[in-house]
Amino acid sequence: MRTLICTFFITIATFAQVGATRPQRDVVLVDARGFETRLTGFRRVTGDDQFRGYRGASRILVPYERLREIEVRPGPDGGGRKRVRLHPIEGEAIDAEYDEQEGEILFAGFAHFGKITIFFRDIRRLTILGMSDPAKLPDFDRESYGVDAEVRDRKNVRTRLTGFRRLAGADRIRGVRGSMQVTIPTRKLKRLLLARDEESRLLVATASLRDGRQVAFHLPPYEEKTVFGGRSELGRFRITLG
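Below or above, wherever it landed, is the structure these notes cover. (Residues numbered from 1 in each chain as written. Predicted model: local features only at pLDDT ≥ 70, side-chain atom pairs only at ≥ 80, totals over all residues. Heavy atoms only, no water.)

## Focus on the overall build of the chain
Note the cut-off: Strands here are runs of E lasting at least two residues and helices are runs of H or I lasting at least four, both read from the DSSP assignment and numbered beginning at the N terminus. The buried label goes to any residue with under 20% of its type's maximum accessible area, the exposed label to any with over 50%, and the partly exposed label to all in between, with areas taken from a 1.4 Å probe on protein chains only. A contact between two residues is defined here by any heavy atoms of the two lying within 4.5 Å. Each accessible area is a Shrake-Rupley estimate made with a 1.4 Å probe; only the visible protein chains count as cover when residues are assessed.
Helix and strand content of the chain: 2 helices and 20 strands. Here the chain holds 242 residues, and 47% of them are scored as buried. The long-range share in the chain, meaning contacts at least 24 apart out of those at least 6 apart in sequence, stands at 58%. For the chain, the exposed surface amounts to about 12900 Å²; the carbon and sulfur share of it is 48%.

Written as structure tokens, this is what we have:
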């Protein structure tokens, strides 16, 4: 991996809010690439709050409120149903199957670093800890008005800025962590370091958060082209994230 390309240091944060209406839970999720993430506000994005699958020749509908853990076992690639083991709150585990339609169901939740989305097919283990407290759920969809920052570009030029933010859409950075799509609000960052992975040619991002923790993820090519901007002592400033 090559050395430092770009960093920016965030010095002002804005605030978070409460949101969402679907049943939401605190969970521990392990994805298809082995990444383990503790989440709050985890929910099925579409449809009702239950697992749809098959047990033998029967169709089954299992409310998530009756489950404490789900093991997703996709098996070999190709068509056909995939295996899953359901662990009810009471009683023995149930072996079942799910089809492509259930595998395409999208789930979302909040990690300490931001919002994640993941398809059911990319989950390997989901441990349900309990219902989330709605009063503690963040709202990462709120627009912000930028932050004070220092940007260091790939040519090692440093510029101090005010109102630094994503110029199109909500002020956030989108990336990939394992099988998850992640969204990190700029206001949660203290420092972001970008470096090129010589094997994949993707940018590897290491985010230092305001709470002292770190998270690493990849930037997809479309996110590298995202334009950020602000104001410097010389006037308006624009730069692509890559």
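## A few points about the environment of Leu 241
Considering the arrangement of structural elements, one finds Leu 241 in the segment after β20 (235-240). Under the relative-accessibility criterion, Leu 241 is labelled buried at 5%. Taking C-alpha positions, Leu 241 is 10.0 Å from Tyr 222, a pair spaced 19 residues apart along the chain.

## Regarding the packing of aromatic side chains
This is how the line gets drawn: Ring pairs shown here join Phe, Tyr and Trp side chains whose ring centres sit within 6.5 Å, with only the six-membered ring taken for Trp; geometry is labelled stacked below 30 degrees between planes, edge-to-face above 60, and tilted in between. Either the NZ atom of lysine or the CZ atom of arginine qualifies as a charge over a ring when it sits within 6 Å of the ring centre and within 35 degrees of the ring normal.
Per the stated rule, a full pass over the model turns up 6 aromatic pairs. Ring centres of Tyr 98 and Phe 120 lie 5.1 Å apart, and the angle between their planes is 90°; this geometry places the pair in the edge-to-face category. Taken together, the residues Tyr 98 in strand β8 (residues 94-98) and Phe 120 in the loop between β10 (114-119) and β11 (123-131) connect sequence positions 22 residues apart. The same class applies to Tyr 98 as to Phe 120, namely buried. Here a set of aromatic residues connected by ring pairs shows up, and it is made of Phe 42, Phe 51, Tyr 64, Tyr 98, Phe 107 and Phe 120. Over the ring of Tyr 54 we find Arg 81, and its NZ or CZ is 3.6 Å from the ring centre. Taking the ring centre of Phe 119 as reference, the NZ or CZ of Arg 121 above it sits at 4.4 Å.

## Observations regarding the pattern of salt bridges
Opposite charge on two side chains makes pairing possible when the charged atoms of those side chains draw close. What counts here: Any carboxyl oxygen of Asp or Glu within 4 Å of a side-chain nitrogen of Lys or Arg constitutes a salt bridge here.
On inspection of all chains with the given rule, the structure shows 15 salt bridges. In this structure, Arg 52 and Asp 48 form a salt bridge, with 2.6 Å as the shortest nitrogen-oxygen distance. With relative accessibility at 26%, the residue Arg 52 sits in the partly exposed group. For Arg 213, the salt bridge goes to Asp 211, with nearest N and O atoms at 2.9 Å. Accessibility expressed as a relative area gives 43% for Arg 213, which makes it partly exposed. For Asp 211, a relative accessible area of 42% corresponds to the partly exposed category. Overlapping salt bridges bring together Glu 104, Arg 121 and Asp 122 as one network.

## Considering the environment of Ile 123
Residue position: Ile 123 is located in strand β11. Ile 123 gets classed as buried once you look at its relative accessible area, which sits at 1%. A sequence separation of 89 residues divides Ile 123 from Gly 34, and the C-alpha atoms of the two residues are 9.4 Å apart. Once you skip the residues sitting within four places of it in the chain, Ile 123 turns out to touch Leu 29, Val 30, Phe 42, Val 72 and Ile 118.

## Topic: empty space enclosed by the protein
We count it as follows: Here a cavity denotes a set of grid points, spaced 1 Å apart and computed over the protein atoms alone, in which a 1.4 Å probe fits but from which it cannot get out, and a pocket denotes an open set meeting protein on both sides within 12 Å along at least five of seven lines; residues with an atom within 4 Å of a point are reported as lining. Grid points are joined across faces, edges and corners, and a volume is the space filled by probe spheres set on the points. Under this grouping Gly is polar, as are all residues other than the nonpolar Ala, Val, Leu, Ile, Met, Phe, Trp, Tyr, Cys and Pro and the charged Asp, Glu, Lys and Arg.
Following the criterion strictly, the structure yields 2 cavities of 30 Å³ or more and no others. Reported here for the largest cavity is a volume of approximately 60 Å³. Forming the boundary of the largest cavity are Arg 25, Val 27, Phe 42, Arg 43, Arg 44, Asp 49, Tyr 64, Phe 107, Leu 126 and Ile 128. Residue assignment for the lining of the largest cavity shows that the elements contributing at least two residues are β2 (25-31), β3 (36-44) and β11. It is β3 that contributes the most residues to the lining of the largest cavity, 3 residues altogether. A breakdown of the residues in the lining of the largest cavity according to their chemical character gives 6 nonpolar, no polar and 4 charged.

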